[in-house]
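Chain by chain, the residues run as shown.
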Amino acid sequence: MAQTAAPATAVSAITPISLKAIAPWAVFFGILMLVLLYFVGAEQGATAVISGEGVHEWVHDGRHLLGFPCH
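Quantities reported herein were computed from a predicted structural model and do not represent experimental measurements.

> Outline the overall build of the chain, listing residues and values.
Looking only at helices and strands, the chain features two helices and zero strands. In the chain, which comprises 71 residues, the share counted as buried stands at 10%. Taking as baseline every contact in the chain between residues at least 6 positions apart, the subset at least 24 positions apart corresponds to 16%. Surface exposure of the chain reaches about 6,300 Å², of which carbon and sulfur atoms provide 72%.

Here is the structure:
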């Protein structure tokens, strides 16, 4: 069976993405990660936003996995 290759003149049309296009998404995901880090690492402490133990119980194992003390 003969193998065929793409012709040498075929050039892939890869266009670079500009920083202006990526910046809003990078800011959005950066803020999202900071909020998640807050809830895993600091919620139920002196700066608790949500009262009760619900958030603490939901993120308890992740808190220990990441090295945050909680009790």
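Resuming the write-up.
> Can you lay out the packing of aromatic side chains for me, pointing to particular residues and giving the numbers?
Considering all chains together, one arrives at three aromatic pairs under this definition. Seen from their ring centres, W25 and F28 are 6.3 Å apart, and the 90° between their planes marks the pair as edge-to-face. With a gap of three residues between them, W25 and F28 both fall in helix α1 (residues 19–41), about one helical turn apart. Among the residues examined, F28 registers a relative accessible area of 45% and is labelled partly exposed. When the centroid spacing of 6.2 Å and the interplanar angle of 25° are considered together, the rings of W25 and F29 count as stacked. Remark: F29 and W25 occur in helix α1; sequence separation between them is four residues, near one turn of the helix. Given the relative accessible area of 55%, W25 is considered exposed. The class of F29 is partly exposed, set by a relative accessible area of 42%.

> Just give me the short version of helix α2 (residues 54–65), but keep the residues and values in it.
Along α2, the residues that are buried comprise V55, H56, V59, H60 and R63. On the buried face of α2, the contacting elements are α1. With its phi angle positive at about 90°, G67 sits one or two positions after the end of α2.

Criteria and thresholds
- Residues numbered from 1 in each chain as written.
- Predicted model: local features only at pLDDT ≥ 70, side-chain atom pairs only at ≥ 80, totals over all residues.
- Heavy atoms only, no water.
- Helix = DSSP H or I, 4+ residues; strand = E, 2+ residues; numbered from the N terminus.
- Buried < 20%, exposed > 50% of the residue type's maximum accessible area, 1.4 Å probe, protein only.
- Contact = heavy atoms within 4.5 Å.
- Areas by Shrake-Rupley, 256 points an atom, 1.4 Å probe, with all protein chains shown as cover.
- Phe/Tyr/Trp six-rings, centres within 6.5 Å; stacked < 30°, edge-to-face > 60°.

Geometric values such as these leave the question of function open.
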